[in-house]
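Residue-level listing of the chains:
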Amino acid sequence: MDPVDQIDSVDGVCLRVRELLSLEPSGMLSGDELSEIGEHLAGCAPCREESALLALLRRSRPLTPDILLPLIMKKVEKAAQQRRQRRMWGLRAAAAVVLALGVGTAWSLRGPSGTENVWELALHEEPVATSWSGGEWMAAGLPVFDEMPDEVLMALLEEEISP
Amino acid sequence: METLVRRNHGVVYRFLVSFLRDEDDASDVAQETFVKVLSRLDGFRGESSFRTWVLAIARNEGLRLVRSRGRRKEDAPDGMDGFADPSGPVDEQVLREDEVERVRVVLNRLPEKQRLSVSLRLFDEMSFREIGEVIGSSEGAARVNYHFGIGRLREWLNEG
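First, a word on scope: everything that follows refers to the structure included in this document.

What counts and what doesn't
- In this numbering scheme, every chain counts its residues from 1 along its sequence in written order.
- Whichever chain is written first is A, and whichever ligand is written first is 1; the rest continue in order.
- Residue-level local features of this predicted model are given only where pLDDT is at least 70; pairs of side-chain atoms are given and counted only at 80 or more, and the full residue set underlies all totals for whole chains, interfaces and linings.
- Side-chain numbers come from the whole structure's heavy atoms, not from hydrogens or water.
- For the purposes of this section, nonpolar cores are sets of buried Ala, Val, Leu, Ile, Met, Phe, Trp, Tyr and Cys residues that join through side-chain atoms within 4.5 Å.
- Each residue is assigned to one of three classes by its accessible area relative to the maximum for its type, calculated with a 1.4 Å probe on protein chains only: buried under 20%, partly exposed between the two thresholds, exposed over 50%.
- For helices the rule is a DSSP run of H or I covering at least 4 residues; for strands it is a run of E covering at least 2, with both sets numbered from the N terminus onward.
- Contact definition: two residues touch when any of their heavy atoms are within 4.5 Å.
- Buried area counts how much accessible surface, traced with a 1.4 Å probe, disappears from two parts once they are put together, with both parts' losses summed.
- Take a side-chain nitrogen of Lys or Arg and a carboxyl oxygen of Asp or Glu: if they are within 4 Å of each other, that pair is a salt bridge.
- Polar contacts, as used here, are pairs of N or O atoms within 3.5 Å; protein pairs need one atom able to donate a hydrogen and one able to accept it. Residues neighboring in sequence count only if both atoms are side-chain atoms.

1. Description of the nonpolar core
- Ranked by internal contacts, the top residues of the largest apolar core, which has 66 residues, are Leu57 of chain A together with Val12, Phe15 and Leu16 of chain B.
- Sorting elements by how many residues they give to this core places helix 1 (residues 2-20) of chain B first, with 10 residues.
- Those residues in contact with Leu16 of chain B, other than ones at most four positions away along the chain, are Arg21, Ala26, Val29, Ala30, Thr33 and Ala58 of chain B.

What follows is the structure, encoded as structure tokens:
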């Protein structure tokens, strides 16, 4: 008999019981449903046949190899590690971009020519010359020679030794 | 993550054995599936059960393998080949193994959606709604596929 005809020939109660049978080992069926199955099977040979068929089919359930779980975990952990590394490289790249943008900004602020190396200038820039006034050379009424530039010292010396 | 894998690797493996009809391929694709699950975990919205979401990923990974090979493994050889000679003395265990092998061969002859509906229902007690989500059909279509598949299996096994 064609499978389609077989389904058509099954009445609603048989269909319901067969669908319950397909879930029988799951533990999801209520006590009432299990009783319903038992009572129906007692009087329905085709459904008993179906019950035996389902039991036979279930025995062909593929067994999961014991090695599969460790294999999956190894692969998953490796993938997670690679993701972490990629994320780290991403952060480094982002930091490099931020740094490059900062340098570029400093460069552009340096002046219209934009050709001078601001870092080099900063490193070699001379300190701003202190403008000395006579009074600042004196501490407690005494001249602080250590702080005086050479030309000032020479001038003082000339003044001192001049008649 | 290990709990998640531990709870779902069996159903994924069984689904892939049924889908790909090859245990080695199923094992390889199951591993790829969980790598994908890990990378897409943030995308799980809870619109379906976690199990069906994982199985949908498994199906996509299985399809990727199939496409990479150009086609799926050949249909299983004629299901009635290779059975033990019933005339010889065989112990019950051997008989049972042969019977199981025979059922697997016959199961593999079913069209894909019938095969998946039967295996997901009988091996993992999934609802027809869940089966429909996994195989890309409505709940009603999954139910019909299951019953048609059972009908065909009954017919073929009775022939044997």
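2. Description of unusual backbone geometry
Residues and elements named next belong to chain B.
- Unusually for a residue other than glycine, Arg21 sits at a positive phi of about 60°.
- Counting through the fold element by element, Arg21 comes out in the loop between helix 1 and helix 2 (23-40).
- Overall, the relative accessible area of 18% leaves Arg21 in the buried class.
- In this structure, Glu125 is a non-glycine residue whose phi angle is positive, near 50°.
- Here Glu125 is to be found in the loop between helix 5 (112-124) and helix 6 (128-135).

3. A few points about the interface of chain B and chain A
- Between chain B and chain A, the residue contacts involve 40 residues of the former and 37 residues of the latter.
- Taken together, the two surfaces of chain B and chain A that pack against each other cover about 3800 Å², and 67% of this comes from carbon and sulfur.
- The interface formed by chain B and chain A includes five salt bridges.
- Remark: the boundary between chain B and chain A carries 10 residue pairs in polar contact (both at pLDDT 80 or more).
- Among the elements that take part in the side of chain B that touches chain A, helix 7 (residues 139-159) of chain B stands out by supplying 11 residues, more than any other.

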